[in-house]
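An overview of the molecular structure
These are the residues of each chain, in order.
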Amino acid sequence: MHDVFTETGPVNLFIRDDGDTPLRFVRHLLRVVFGKSEREAITVAAQIEDQYGITCGPFPAQVARALLEAAEQLIRDDEQPLLITAEAADAVRPCDLCEAQRSATTVFLNDRRVCLCSDCLLAVRRSSEELPGDEFKYAVTALDWHFAGLPRNQILTRSRQFPGHMRADVQLAIDRLLADPIHFFGIHEERRYETIDIAALMKFGSNAPAIAPPQYQDVDIGEAEPVKCLVNGLWLCRSGDLRYAVLLAFHRDYGREPVLRIELAVPAGAAGNVFVQRTFADLEAAVDAARSYRGKILSLDADADYRGRSRGVTVHRLPTVARDAVILPDRTLRLLERNVLDFVGSRELLRKLGQSTRKGVLLYGPPGTGKTHTIRYLATNLPGHTTLIITAEQVGLLDAYMSLARLLQPSMVVIEDVDLIARSREEMAGPCEESLLNKLLNEMDGLKEDCDILFMLTTNRPEELESALAGRPGRIDQAIEVPLPDEIGRGKLIRLYGKDLPLEPPIIDEAVRRTAGVSAAFIKELMRRLAQASIIRDGGQAVTADDIDTAVSEMLFDGGRLNAKLLGGAQGMSAG
């Protein structure tokens, strides 16, 4: 040591990493002894673990001796094990700004280390408060740097939680609100089922959350490109003189729907409170707009699809069903359109006249008559409506579906095979089934009169419906039978499903005669079998009466009653 100080050359002081001295003390020493600003001290101290120490200097030998003595006295007073050594510098490095051969200290400026003489250091001291964070290893270091000079008990946080299925809209809103941060970091999640919060990010020690590459998941929203959604992220931002931090954490808990948590950290006081309120209001407004899913046909699904994209909400890409593709008796079709399409078109005037804009419609009839096809016709022809399709096994997600329906209204909520959850209480197997029924009834009752939500329920067994659902006005406003097709309907179905087959009028008439009492699904399958028979015989050049006879016999009689029932022709067996 004495040899170093007796030499005429400059001297570096090396603060060694001992693994025991708290970083807070190192920061304090850098400020008190070496004259670094608080943010400089935080940034320099953050390197101590990565580089096994930090170098201060070069200094003239006598200055280095005085600094070392002051540092050692501070270390003894605080009873810390920190070790500082003096080493001869190879050469005097010129000041990076003025190029004078009298450099004194290293600082961080404009995303790089620079060596500044004392005069230039004073000149840039104010700008050095905006030090970069690219040297940060832990979130606590970045947050301490960002809120330097502000005691932790003067930082407050507030948070909001959003359902996981709204993840895409929240991400798009966050991207717009935080487009120009000071710094942005990904955060390593050590334990998957513990929600990361800002309090946890401000911990020192071996379990301190580390800064990591941002992790994104592609979320399918039914567009050409998925939305790139962040798993965990920390933004350090500034609005005027107010510094704030934003944490996004996507929390997954086993057996429950994921939630997206947004937390803001601001200085305590009126300015911070006003900023938080304004930011959350902007975020809520962006989410309420729900541009990602509005006007689409949706169902909830927490699994990834075959492309590996996380869905949460599945967007069904259904082709538009034209009116002439809905083969129903004219009276039934007019009743359907009057109670759905015309009702929707009259909502504004109904509201002005003080009438309810919610409605419940029940479609009932034998299997295969076209109830689902009719729903598709409505879903693809309701202007501006979002359609939510709930199957019987998903009714446990009814709360989430209804929250989505309210957010995305005007909406149509479709519950298929409603008899499976709304059958007579006397037929229920236990309290779980009854609780699902009560949940459905409460949702249909609990809607405000001005909610633009249309319930479409389907069933093959209307006689089994619970009277509390089927017998009370205001829950179901109109029941519409979707019957087996009559003679005219069967002719239309044959022409629709056999439009590309070489069907002569006598063959169509024969097919109509032979299919009395069957469903639309039966006729669709019959057309496929006629096509197959024609291909085998002459490459698809003609369809004969023998083709019809063979296909109908296989479908109605050769396979027995079970086969006929499966194909939608059970009633046609007696008619045939």
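Summing up its helical and strand segments, the chain has 22 helices and 20 strands in all. Every one of the 576 residues in the chain was classed for burial, and the buried ones make up 49%. Here the contacts in the chain between residues at least 6 apart in sequence split such that 70% fall between residues at least 24 apart. As displayed, the chain has an accessible area near 28000 Å², and 49% of this comes from carbon and sulfur atoms.

Our focus in this paragraph is the side chain of Thr 380. Among the structural elements, Thr 380 can be located in the loop between helix H13 (371-379) and strand S17 (386-390). Polar side-chain contacts of Thr 380 include one of 2.8 Å to the backbone oxygen of Arg 376. Leaving out residues up to four positions away in the same chain, Thr 380 has contacts with Ile 297, Leu 318, Pro 319, Thr 320 and Val 321.

A cis amide bond links Gln 409 to the next residue, Pro 410, at an omega of 10°. The phi dihedral of Glu 79 is positive, around 55°, even though this residue is not glycine. Note that Glu 79 resides in the loop between helix H4 (61-78) and strand S3 (84-88). Residue Glu 79 is classed as exposed on the basis of its relative accessible area, which comes to 71%. The backbone of Asp 417 sits at a positive phi, close to 50°, despite the residue not being glycine. Positionally, Asp 417 belongs in the loop between strand S18 (411-415) and helix H15 (431-446). On the accessibility criterion, Asp 417 (31% relative accessible area) is partly exposed.

With that settled, consider the confidence of the model for the chain. With 78% of its residues at a pLDDT of 70 or more, the chain has an overall mean of 81. When the criterion is pLDDT under 50, residues 125-133 qualifies, and its contacts beyond four places in sequence or with other chains add up to 27 contacts.

What counts and what doesn't
All residue numbers here refer to positions counted from 1 along the written sequence of the relevant chain. Totals for whole chains, interfaces and linings use every residue, but because this is a predicted model, local features are given only for residues with pLDDT of at least 70 and side-chain atom pairs only at 80 or more, for both listing and counting. Excluded from the side-chain calculations are hydrogens and water; all other atoms, namely the structure's heavy atoms, are used. Helix and strand assignments follow DSSP, with helices taken as H or I runs no shorter than four residues and strands as E runs no shorter than two, numbered in order from the N terminus. Burial classes follow relative accessibility: with a 1.4 Å probe on protein chains only, a residue under 20% of its type's maximum area counts as buried, one over 50% as exposed, and anything between as partly exposed. Residues are treated as being in contact if the distance between any of their heavy atoms lies within 4.5 Å. Accessible areas in this description were obtained via Shrake-Rupley with a 1.4 Å probe; residue shielding takes into account the shown protein chains only. Here a polar contact is recorded for every N or O atom pair within 3.5 Å, except that within protein the pair must consist of a potential hydrogen donor and a potential acceptor, and residues adjacent in sequence are included only if both atoms are side-chain atoms. The pLDDT score gives, residue by residue, the confidence of the prediction method on a 0 to 100 scale.

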